[in-house]
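What follows is the residue order along each chain.
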Amino acid sequence: DSIEQQIISLLVSYLAPRWEADPQTRTEVTGATNLTSDLTLDSFQVMEFLMEIEDALDLAIDMNSLSDVHTVSDLAALVALRLKA
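Keep in mind it's a predicted model, so treat the numbers as computed, not measured.

Ranked by internal contacts, the top residues of the largest apolar core, which has 25 residues, are I7, L11, I53, L75 and V79. Taken together, the elements giving at least two residues each to this core come down to α1 (2–21), α2 (43–57) and α3 (72–84). Of all the elements, α1 adds the most residues to this core, at seven residues. Discounting chain neighbours no more than four positions away, the residues touching V79 are I3, I7, I53, L57, L59 and I61.

Taken residue by residue, the protein gives an average pLDDT of 93. The fraction at 70 or more is 99%. Of all helices and strands in the protein, the one with the weakest mean pLDDT is α2 (92), whereas α1 scores best (96).

Attention now goes to the packing of α1 against α3. Across the interface, α1 lies against α3 with an axial gap of 9 Å and an inter-helix angle of 120 degrees. Relative to α3, the element α1 is oriented oblique. Remark: the crossing between α1 and α3 carries right-handed chirality. Contacts between α1 and α3 involve I3, E4, I7, I8 and L11 from the first element and V72, S73, L75, A76, V79, A80 and L83 from the second. Looking at the contact of α1 with α3, its residues break down into 10 nonpolar, one polar and one charged.

Reading the values: rules and limits
- Residues numbered from 1 in each chain as written.
- Predicted model: local features only at pLDDT ≥ 70, side-chain atom pairs only at ≥ 80, totals over all residues.
- Heavy atoms only, no water.
- Core = buried A, V, L, I, M, F, W, Y, C linked by side-chain atoms within 4.5 Å.
- Buried < 20%, exposed > 50% of the residue type's maximum accessible area, 1.4 Å probe, protein only.
- Helix = DSSP H or I, 4+ residues; strand = E, 2+ residues; numbered from the N terminus.
- Contact = heavy atoms within 4.5 Å.
- pLDDT = per-residue confidence, 0-100.
- Axes fitted to C-alpha atoms, helices over the stretch in contact; angles between N-to-C directions.
- Parallel < 35°, antiparallel > 145°, perpendicular 65-115°, else oblique.
- Left-handed = near helix turned anticlockwise from the far one by under 90°.
- Nonpolar A, V, L, I, M, F, W, Y, C, P; charged D, E, K, R; others polar.

Shown next, in the form of structure tokens:
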């Protein structure tokens, strides 16, 4: 899925500085990767990353729709819905 791949690519770029500072935190990012538990992103970091997605893909994500987003695949599905709207 190209949207999922775009999100993974953006996420890897977003996490690169953290991974360079602490290589022990580096992990493979897949569709099943949980944004908070696997990547240990806090709520501020999730919001910051969402803004990057919005900018990169030129769309707006309603914060209320994030309650069901836990994995990269969940996020890709939400982005796909927004792109169709």
